[in-house]
Structure formats: C-alpha cells, structure tokens
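Residue strings, one per chain:
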Amino acid sequence: MLEVLLSLAIVTQDQIPLRAAPTETTARHATLWQGDSLEVRGVKGDYLQVYDHRHERAGYIRATQVRTYALQPEDAPRLKAIVDFLKDTPGAEAMGISHAAAYLKAAPAKTIDADIFDALGGMADRLARRASRQTGKAAETAVAHLEVANAYGIATYSVERNGKVTLCYDGEAFRRVLALPAASEQKARAALALTQHDCVKPTLTPQERLNLDVWRSQVLDQASGDDLPDVLKNRLRIRKAGIWASLAYQYARNPGDKQMAFNKAGERALQALASVNKTELADSDIATYNEAAIRVGASRWAAQPQTLAQTVRQATPGKPGIALTAGQPGETCIHVIDENYPAKPALLSRCTYSVVWPASLSTSRDGQAMTLAVQPLDTWREMWIFKKNQARWEVDVQPPADDAPELGYVEFAGWVPGNQQLLAVREVVTNGRSNTSFELWSQDSLTVEKRADKPGNLSLFYRWQDPQWKGGTV
C-alpha cells in the first residue's frame, strides 16, 4: 500500500547522491539538489527506489532526504502551506518552486487562484537575480537551483550590458497574476517584476523597443490603485518615470505620425517623478529613485514645446543661430548660421543620429559660444558646445563621463559674466551609485576648474546659475 501511495518525492537538501543500489558504497548516478522531483517506484529498507526525469536516471535515495506526496486533492492545502512558508525565504526558491508545481498538479482547477502564481513568480524572479549576483560556490549553488527550476518550466534569459550579465525570469507567472482576479498588491508586484529596466534586451530594434516601452507603461497603469501601500505607490511611480522618459526619447527618435507624442511622454515622466512621496521612500528605494531622476533628467527637454523635424533658430546681427535639417535617413544635421542664412552657407555643419533638443539652445552674451543638448540614448545625454575660434566655428562634444557609466547626462547651467567661464551639471550612475557634480568650466579649454556636490558650495555657481536651468532641471 505504501508503494502505491508514494508517487512523488521532492529532494530537500543539496548535493544528494542518486545511488545505483540502496547502499552508501554504490556508484553515484547523479547529484541532486533541493527541489528536484523524483518518481517513486518502490521502497527498499531506508531507501526509495526512484526515477529522475531531469537526468533520465533511475536509482535509490534515502527516504530522509526527500518529502513524499501522493498528489491527491487532499494534499493541496499542505503543499500550499509549504509554498507560503518558503516564498519569502532566501535560498529556498528551488524548493518553493517544486512545491508550487506539485500544488498545481494536486489542486482542483477551480481552487487555483492568483496567490500561487504570485508566490511562484516571486521565487523565480528572486532566484534569477540570486544566480546573477552570487560568486564562487554560492553562484554554483544558485545555478544548480536554477537548473532545477528550469525543469519545472521556469524560463530565464540573459541580458548583457556594459560587460555585466543579468539573468531575468520571463515573467509567465506574473502575467497570470495580471490576467486573474488578484489583490492590488499582487498586481503591483507583478507589474514591477515585468517592467524591470535591467531586463530590457539591448539588442532590440528601435520599433521593438518602442513597442516594449508602450507595453510596460500599460502594465504599470493596469496595476495602479489608490488602496496600495505608500511604498508600492512610490515604486510604481518611480518605474513609470523611467519608462516614460524612455518613451519620450523613443517617440522623438521615431516621430512618424506621433510628432508631438514625445512632449506628452516627457511631461508624464516629470509628473510621475514629482508624485513620488519622498518621506515614504524605503531605504532600498533611494538608489532606485536617484536612478529614475537621472533617466528623467536625460530626457527632460522632451517636456518643452519644440518641433524636431526642421527647425531654425533665427540668428540676429552679431549673434549666431542654428538650423536643423534632415540628413541621411534617421539623421539630423545641425547648422550654425548667421543672419544671412540661407542665402549664405552655414558657418558650421555637423550631422548626428542622436535626438537634438533645439529648445535647449543657449548663447553666450558675446555670441561667441552656444550649448545644445543632444541625446544619443534614452539614458544618456551629451552637451554639444559650439565655439568661435578666431574666424571659424568649432564644436566640442562633452559626455556625462569618460568611464562608461550605466546612465547619465551633462547639461548647461549658466554663463559666468566675462565670457571666460560657464556652469555645467553632471549626473551619472557608476557601479550602482549615483553622483551629482556642479562644475565651473573654462570656456576656452572646457576643463573643469572647480566642482562641488551642491550648488551652494560653489559660489560662482550659486550666483550665476541660469534661471531657465534652475526652473527646469530635475
């Protein structure tokens, strides 16, 4: 009778041998890890005779190293209780996933709700992140647990960015949470897991990325609710701010029939960031909020009224202007012009595949220099500085940083009287840490003469910051 009842065994420990015979001295057929499920075929003394479908091996395992289930409806409550206990236990994800899979087999279909998929998705997502971050023996264990989870249909994919590989869960359980009747908190957790920035593949085409960002924004809107705790509300708003900032860039890059969609997206990004209740930010969310602020800062010019197709900033006597024209497909050409343009050729022309924000143009008091915001990526904005060197114009491209940080922007913040210096601000994220720098530059060499972490700590910055920058910066 015992042999008939025992149909499934779940391994409860790591690195357990599957033996060729029911003794300690026989050969090892395979090494099993917590969460591995085995088909029970018999009992011999202290051992169970089993078949391991993952390794396609038969053998024996000690009965004390597994938990056995008949997978009958009456087993479902016990399996669900184990899942509830393990779902928030770090390091026990494979065990929890195996019991969730067993519950789905044992429970009657009408009793299965969003709770089990919420738990399953949370464990799968945490396991993928653990496998990405661990090193040494801990990483070997996490990868082994991930292989166990994969045997239950938990699919993951890898994203490589800046030399770092991140493993991501494909989110199937979270999609089921959104599709089923579920509590607001469950839907919020599912939406946050499905819209992670780190899990966006950098190999997507522009149209694929635009479609993904639109879908991510819709998922977050679906999960919003007034009854959510402040912590979850903040997390949703932070994520929305970053996604709408990306959408602003995507729309500006490929306007098509959505010529002004970038403006609305930029406004929504600023609104989402401004709606974050900073007094209710959890400690673990401070870094995420700072990163979202930089994402919004990189695309903040999208919220300003402007037309990106063909724009002319009319030059006046003694002061230059710019004209934007279309170059090769997808390319924008920037022309430095005087009051005689277009009868007279441009003083300087440069073309780029980046998004050019003409509303950001600022001209020095003597008309010998101009700055312009140019955005090559959704998380990266440069400052182009046009300078007149004797009789000809030159352009210098200033990136947010020289050491390839994860995201950032640099922007003009003011002209210092005397036409010898200008003010600039950099915000970057490097190795997961955000840094803000308020700087005083030499206008001729563009070298940094002074810098501070606050504008009040740099007297010239505090005194001569541009009102337009102060009113618009995030």
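Placed above this text is the structure.
> Which residues make up the pattern of salt bridges, and what values go with them?
All chains considered together, the criterion is met by 25 salt bridges. Within the structure, one salt-bridge network assembled from shared partners comprises Arg209, Asp213, Arg216 and Asp378.

> Explain the packing of helix α10 (residues 261-274) against helix α11 (residues 286-298) to me, using residue names and the numbers behind them.
Between α10 and α11, the least distance of the axes is 10 Å, while the angle of their chain directions is 155 degrees. The orientation of α10 with respect to α11, classified from their angle, is roughly antiparallel. Relative to α11, α10 is oriented so that their crossing is left-handed. On the side of α10, the interface is formed by Ala269, Leu270 and Leu273, while α11 contributes Tyr289, Ala292, Ala293 and Val296. When its residues are assigned to classes, the contact of α10 with α11 shows seven nonpolar, no polar and no charged.

> If you had to explain the state of the cysteines to someone new, which residues and values would you point to?
Put plainly, a disulfide is one covalent bond tying together the sulfur atoms of two cysteines. Under the defined criterion, the tally for this structure stands at two disulfides. There is a disulfide in this structure between Cys168 and Cys199, and the S-S distance comes to 2.0 Å. Since a negative S-S torsion denotes a left-handed disulfide, the Cys168-Cys199 link at about -95 degrees is left-handed. One end of the pair, Cys168, is in strand β9 (residues 164-169); the other, Cys199, is in the loop between α7 (184-194) and α8 (206-223), with 31 residues separating them in the sequence. Considered together, Cys168 and Cys199 belong to a single accessibility category, that of buried residues. Each sulfur in the disulfide pair Cys333 and Cys351 lies 2.0 Å from the other. Measuring handedness by torsion sign, the sulfur bridge of Cys333 and Cys351 sits at about 100 degrees and is right-handed. Within this pair, whereas Cys333 is found in strand β12 (residues 332-337), its partner Cys351 is found in strand β13 (residues 348-352), the two being separated by 18 residues in sequence.

> Before we move on, could you go through the side chain of Asn234 and cite the residues and values that matter?
By the secondary structure assignment, Asn234 is in helix α9 (residues 230-253). A polar atom in the side chain of Asn234 sits 3.5 Å from the backbone oxygen of Glu280. Discounting residues that sit within four places of it in the chain, Asn234 has contacts with Val276, Asn277, Glu280 and Leu281.

> Explain the side chain of Glu439 residue by residue, including any values.
As for its position among the elements, Glu439 is in strand β20 (residues 433-442). Only 3.4 Å separates the side chain of Glu439 from the side chain of Arg451, close enough to count as a polar contact. Setting aside chain neighbours within four positions, we find Glu439 in contact with Leu422, Leu423, Ala424, Arg426, Val448, Lys450, Arg451, Leu458 and Phe461.

> Mind laying out the packing of aromatic side chains, listing which residues take part and the relevant values?
Under the defined criterion, the tally for this structure stands at five aromatic pairs. Between Phe438 and Phe461, the ring centres sit 5.3 Å apart and the planes meet at 80 degrees, which makes this aromatic pair edge-to-face. Highlighted residues: Phe438 in strand β20 and Phe461 in helix α12 (residues 459-464), separated in sequence by 23 residues. Neither Phe438 nor Phe461 differs from the other in exposure class; each is buried. A ring pair is formed by Phe461 and Trp469, whose centres lie 5.5 Å apart and whose planes are at 80 degrees; its orientation type is edge-to-face. Of the residues examined, Phe461 reaches a relative accessible area of 0% and is grouped as buried. Among the residues examined, Trp469 registers a relative accessible area of 7% and is labelled buried. Among the aromatic residues, those joined into a cluster by ring pairs are Phe438, Phe461 and Trp469. A cation over a ring is seen here: Lys201 above Tyr157, with NZ or CZ 4.8 Å from the ring centre.

> Describe the sheet that holds β13, listing the residues and the values that go with them.
Reading across from one edge, β10-β11-β12-β13 is the order of the four strands in this open sheet, with antiparallel pairing throughout. On the outer flanks of this sheet lie β10 (312-313) and β13, each paired with one strand and no other. Here β12 pairs with β13 via five bridges, running antiparallel. Paired with Thr332 across the strands is Thr352, a residue of β13.

What counts and how
All residue numbers refer to position in the chain's written sequence, counted from 1. Only residues with pLDDT of at least 70 get local features here, since the model is predicted, and only at 80 or more are side-chain atom pairs given and counted; chain-wide, interface and lining totals rely on the full set of residues. With hydrogens and water set aside, each side-chain value is computed from the structure's full complement of heavy atoms. A side-chain nitrogen of Lys or Arg and a carboxyl oxygen of Asp or Glu constitute a salt bridge if their distance falls within 4 Å. Each axis is a line fitted through C-alpha atoms, taken for helices only over the stretch in contact, and angles between the N-to-C directions span 0 to 180 degrees. Runs of H or I in DSSP of at least four residues are treated as helices and runs of E of at least two as strands, each being numbered from the N terminus. Here the word oblique covers every angle except those under 35 degrees (roughly parallel), over 145 (roughly antiparallel) and from 65 to 115 (roughly perpendicular). Each crossing is labelled by how the near helix is turned from the far one, with a counterclockwise turn of less than a right angle marking it left-handed and a clockwise turn marking it right-handed. Contacts between residues were defined by any pair of non-hydrogen atoms, one from each residue, lying within 4.5 Å. Ten residues, namely Ala, Val, Leu, Ile, Met, Phe, Trp, Tyr, Cys and Pro, are considered nonpolar, four, namely Asp, Glu, Lys and Arg, are considered charged, and the remaining ones, Gly among them, are considered polar. By disulfide we mean two sulfur atoms from cysteines, separated by a distance within 2.5 Å. Throughout this description, buried means an accessible area under 20% of the type-specific maximum (1.4 Å probe, protein chains only), exposed means over 50%, and partly exposed covers the range between. Here a polar contact is recorded for every N or O atom pair within 3.5 Å, except that within protein the pair must consist of a potential hydrogen donor and a potential acceptor, and residues adjacent in sequence are included only if both atoms are side-chain atoms. Working definition: a ring pair exists when centres of Phe, Tyr or Trp rings (six-membered ring for Trp) sit within 6.5 Å. Plane angles under 30 degrees give stacked, over 60 give edge-to-face, the rest tilted. Definition used: whenever NZ (Lys) or CZ (Arg) falls within 6 Å of the ring centre and also within 35 degrees of the ring normal, the charge is taken to sit over that ring. Paired strands, in this sense, are two strands between which DSSP finds at least two bridges.

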